[in-house]
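Descriptive analysis of the structure
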Amino acid sequence: MSLTAGIVGLPNVGKSTLFNAITNQKILAENYPFATIEPNVGVVTVPDKRMDVLKEMYDPNRFIPTAYEFTDIAGLVKGASKGEGLGNKFLSHIREVDAIVEVVRCFDDGKIIHVEGNINPIRDIETINLELAIADLDVIENRLEKVSKKARTTKDSNDLLEKDTLEQCKKALEENIPIRQLDFTEEQKKLIKTYSFLTAKPIIYLANIKESEIGNPENEYVAKVREYALKENAKVVSLCAKVEEDLSELSQEDKQEMLEALGLEESGLDQLITATYDILGLATYFTVGKDEVRAWTFKKGMNAKECAGIIHTDFEKGFIRAEVMSYDDLVECGSELKVKEAGKARLEGKDYLMQDGDICHFRFNV
């Protein structure tokens, strides 16, 4: 399951520095099973300490953590929705991502000129969010005119649903309410998904701070960002993009030493990845063995048959059952054999809802 977060922001807020930190992670190509990496796409492994434990237990020939893409979306300036900067190219790129990471500058530095002349993170957030809302409104208004005429003629339930849903979205956007904050029925959610609305995507505000503030990241600018985010139930991650860039160039051992010196348990980038997982409702299951230990990302609520399909479509088509044990049980018991002896290994059918930390072996026949 390839997942992508789009990094957006005004000029000189630290977006490029953050992206450099991501691309410096140097993920091994053979451990990344998706398409060829484009120049504006950085790939990072998802931090998961459970993988280290499984690697130690199985000593596999291959060790493949799950990965996450970050797309550097350039060209956002005031007026992007009307074609300024890269305009429509910017908008088309952001429609393709699963989540938005909005980088906001939360530090003063006279050497780095802000595009608006002074530091005001809320103004910057509202500038970006307004462009996204205007772009969505353009899509809605163009479609609404057509579907309204059709609905009046046909009285078709699907046309009426689309008309009512688009009108609901239009009203919200005109009141500065992003589509992601609206309550929809399951039918409406399916409809909304087809439009790839920008303001429907989950968002994380990334507060870029100075290195000297890492130990106390709640400066007045960050506090304002958190207050703003709270109103729309969005997450905020505070980090220093320059420090993240420096960390990305170090060996794992040196990186750990630097984190300890800074008084951090994990890097800001790891916090960001964890936050994006959370807002997208994602979880991880594992397949293990001497040949390979591998992590797989799935959406919470997916059943065993659907999760089998993440590995290969044949697994889903010919699904018979899943042999399942939990990571916690494996660690507690010490081996698969002892898990089975303790009666904690299970055979689950296609409707079993996969849980985070499940360790699975799928039986199938095609």
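I will try to describe carefully the structure that is included in this document.

Parameters and conventions
- Note on numbering: residues in each chain are counted from 1, in written sequence order.
- For this predicted model, a pLDDT threshold of at least 70 governs which residues receive local features, and a threshold of 80 or more governs which side-chain atom pairs are given and counted, while totals over whole chains, interfaces and linings are taken from all residues.
- Heavy atoms from the whole structure form the basis of all side-chain values; hydrogens and water molecules are not counted.
- Helix and strand assignments follow DSSP, with helices taken as H or I runs no shorter than four residues and strands as E runs no shorter than two, numbered in order from the N terminus.
- Only protein chains enter the accessibility calculation, which uses a 1.4 Å probe; a residue is then buried when its area is under 20% of its type maximum, exposed when over 50%, and partly exposed in between.
- In this description, strands pair whenever DSSP reports at least two bridges between them.
- With axes taken as lines fitted to C-alpha atoms, and helix axes fitted only over the stretch in contact, angles between N-to-C directions fall between 0 and 180 degrees.
- Angles below 35 degrees are treated as roughly parallel, those above 145 as roughly antiparallel, those between 65 and 115 as roughly perpendicular, and all remaining angles as oblique.
- Should any heavy atoms of two residues lie within 4.5 Å, those residues are counted as being in contact.
- In this count, Pro and Cys sit with the nonpolar residues alongside Ala, Val, Leu, Ile, Met, Phe, Trp and Tyr, while Asp, Glu, Lys and Arg are called charged and the others, Gly among them, polar.
- Only residues whose relative accessible area exceeds 30% and that take part in no salt bridge are eligible for patches, with like-charged residues grouped when within 9 Å of each other and nonpolar side chains (Val, Leu, Ile, Met, Phe, Trp, Tyr) grouped when within 5 Å.
- All accessible areas in this document rest on Shrake-Rupley with a 1.4 Å probe, and a residue is counted as covered only by the protein chains that are shown.
- Whenever Lys or Arg places a side-chain nitrogen within 4 Å of a carboxyl oxygen from Asp or Glu, that contact is recorded as a salt bridge.
- Stacked, tilted and edge-to-face are the three classes applied to pairs of Phe, Tyr and Trp rings, where Trp contributes its six-membered ring and a pair requires centres within 6.5 Å; stacked means planes under 30 degrees apart, edge-to-face means over 60, and tilted covers the rest.
- In our convention, an over-ring charge means Lys NZ or Arg CZ found within 6 Å of a ring centre and within 35 degrees of that ring's normal.
- When the near helix sits turned anticlockwise from the far one by under a right angle, the crossing is termed left-handed; a clockwise turn instead gives a right-handed crossing.

**A short note on the environment of S248**
- By the secondary structure assignment, S248 is in helix α8 (residues 241-248).
- Taking relative accessible area as the criterion, S248 reaches 9% and is therefore assigned buried.
- Residues S248 and S267, 19 residues apart in the sequence, show an inter-C-alpha distance of 9.6 Å.

**Overview of the environment of N24**
- The residue N24 is located in the loop between α1 (15-23) and β2 (41-45) in this model.
- In sequence terms N24 and G42 are 18 residues apart; their C-alpha atoms lie 8.4 Å from each other.

**Observations regarding the pairing of strand β8 (residues 282-287)**
- For β8, a buried count of 6 out of 6 residues is recorded, marking the element as mostly surrounded by other parts of the structure.
- Pairing geometry for β8 and strand β9 (residues 292-299), over 6 bridges, is antiparallel. Bridged to F286 within β9 is A295.
- With antiparallel pairing between neighbouring strands as the criterion, β8 and β9 make up a hairpin whose turn holds 4 residues.

**A word on unusual backbone geometry**
- Phi is positive for K155, which is not a glycine, with a value near 60°.
- As for its placement among the helices and strands, K155 is situated in the loop between α4 (121-154) and α5 (157-174).
- A residue is classified by how much of its surface remains accessible, and K155, at 59% relative accessible area, is exposed.
- In this structure, S196 is a non-glycine residue whose phi angle is positive, near 50°.

**Some details on the packing of α5 against helix α6 (residues 186-195)**
- Two elements in contact, α5 and α6, have axes whose closest approach is 10 Å; the angle formed by their N-to-C orientations is 70°. By the criterion of interaxial angle, the relationship of α5 to α6 is roughly perpendicular. Residues L161, E162, T165, L166, Q168 and C169 of α5 pack against E187, Q188, L191, I192 and Y195 of α6.
- Taken together, the residues that form the contact of α5 with α6 break down as 6 nonpolar, 3 polar and 2 charged.

**What about a nonpolar patch on the surface?**
- Taken together, the side chains of V53, M57 and V331 make up a nonpolar region of the molecular surface, amounting to roughly 200 Å² of accessible area.
- Inspection of the secondary structure puts M57 in helix α2 (residues 49-58).
- Since its relative accessible area comes to 34%, M57 is described here as partly exposed.

**Regarding the packing of aromatic side chains**
- Under the criterion given, the structure shown has 10 aromatic pairs.
- Considering the side-chain rings of Y285 and F362, the 5.8 Å spacing of their centres and the 85° angle between planes classify their relative orientation as edge-to-face. Here Y285, found in strand β8, pairs with F362, found in strand β12 (residues 358-364); they are 77 residues apart in sequence, far enough to count as distant. Accessibility assignment for this pair places Y285 and F362 in one class, buried.
- Chaining the aromatic ring pairs together yields one cluster made of Y285, W296, F298, F319 and F362.
- The ring of F107 carries R105 above its face, with NZ or CZ at 4.8 Å from the centroid.

**What to know about the sheet that holds strand β4 (residues 67-72)**
- Strand order across the open sheet formed by 6 strands is β2-β4-β1-β5-β6-β7, with mixed pairing between neighbours. Edge positions in the sheet fall to β2 and β7 (235-239), since each has one partner strand and no second. Looking at each pair of strands side by side, their axes are set apart by 25° on average, direction ignored.
- When strand β1 (residues 4-8) meets strand β5 (residues 99-105), the two strands line up parallel, connected through 4 bridges. Bridge pairing in β5 places V8 opposite E102.
- Contacting β1, β2, β4, β5, β6 (203-208) and β7, α1 runs over the sheet at an angle of about 55° to β2.

**Topic: the packing of α4 against α5**
- For the pair α4 and α5, interaxial distance at closest approach is 8 Å and the crossing angle is 150°. The orientation of α4 relative to α5 falls into the category roughly antiparallel. Judged by the sense of rotation from one axis to the other, the crossing of α4 with α5 is left-handed. Mapping the contact onto sequence places A133, D136, L137, I140, E141, R143, L144, V147, S148, K150, A151 and T154 in α4 and D159, L160, E162, K163, L166, E167, C169, K170, L173 and E174 in α5.
- Of the residues belonging to the contact of α4 with α5, the class tally is 10 nonpolar, 2 polar and 10 charged.

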